[in-house]
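Each chain, written out:
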Amino acid sequence: MNQREFQAGDAVVYAAEGVCTVEEIQQREFRGTSTSYYVLQPVFRNGTRLFVPTENEMLQKRLHPVLKKEQIDEMIARFPECEPHWIERENDRKEYDRQIMTAGDRERIAQMIKTLYLHRCACEEKGRRLHSCDERFFKDAERWLYDEFAYVLGIDRGDVVLMIEEKLKAGE
């Protein structure tokens, strides 16, 4: 039994795909077994349709309702208190970041963004660049979280960082 029931028209966040709309719930037959699927259309990526089995627990854990405006505002207000969590060993750090992205916990994704941003700044001060894997996680996390913010708040994706900065300045 799946943890959440979504309906056609619902906005959801699906793993690394980001914000999607549930187009429909469809029965499909595969190898003689009929299975129910959520048919997802990514909001910011046209031409792609995703089929997520409604009864697959592992995939259901990667499917979340979008945040509400109030939740986003509260989350942004907590950004300054968010402590960076840097892991020195690259393989351990990659696994930790992968788990965060898979779980879809927005607070931890925000923490990861802050951690990687601060580490990138420290690298730049030394004339170095952020490791390519860290850079990829940083970009993916920003896209994932900021796309959701843009969708829920009805703003352009490119305006999300400015909106966050303005809210943080206003809250000082």
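Below is a short write-up of the structure. In this text, all values refer to a predicted model and were calculated from it rather than measured experimentally. (Residues numbered from 1 in each chain as written. Predicted model: local features only at pLDDT ≥ 70, side-chain atom pairs only at ≥ 80, totals over all residues. Heavy atoms only, no water.)

## A few points about the packing of helix H5 (residues 132-153) against helix H6 (residues 160-170)
Point 1. Between H5 and H6, the least distance of the axes is 10 Å, while the angle of their chain directions is 80°. Regarding the angle of H5 to H6, the classification is roughly perpendicular. Contacts from Tyr 146, Phe 149, Ala 150 and Leu 153 of H5 reach H6 at Val 160, Val 161, Met 163 and Ile 164.
Point 2. A per-class count over the contact of H5 with H6 returns eight nonpolar, no polar and no charged. (Axes fitted to C-alpha atoms, helices over the stretch in contact; angles between N-to-C directions. Helix = DSSP H or I, 4+ residues; strand = E, 2+ residues; numbered from the N terminus. Parallel < 35°, antiparallel > 145°, perpendicular 65-115°, else oblique. Contact = heavy atoms within 4.5 Å. Nonpolar A, V, L, I, M, F, W, Y, C, P; charged D, E, K, R; others polar.)

## Things to note about H6
Point 1. Residues Val 160, Met 163 and Ile 164 constitute the buried set of H6. The arc that holds the buried residues of H6, viewed along the axis, is 100°, so those residues lie on one side.
Point 2. Where H6 is buried, its residues meet helix H2 (69-78) and H5. (Buried < 20%, exposed > 50% of the residue type's maximum accessible area, 1.4 Å probe, protein only. Arc of directions from axis to C-beta.)

## Quick look at the nonpolar core
Point 1. By size, the foremost hydrophobic cluster in this structure holds 28 residues, and its most contacted members are Ile 109, Leu 145, Phe 149 and Ile 164.
Point 2. Elements with a minimum of two residues in this core: strand E1 (11-14), H2, helix H3 (90-103), helix H4 (106-125), H5 and H6.
Point 3. Sorting elements by how many residues they give to this core places H5 first, with nine residues.
Point 4. Not counting the four nearest positions on each side in its chain, Ile 109 is found in contact with Ile 100, Met 101, Gly 104, Ala 141, Trp 144 and Leu 145.
Point 5. Core analysis: the second largest hydrophobic core is formed by eleven residues, Val 12, Val 22, Tyr 38 and Leu 63 among them. (Core = buried A, V, L, I, M, F, W, Y, C linked by side-chain atoms within 4.5 Å.)

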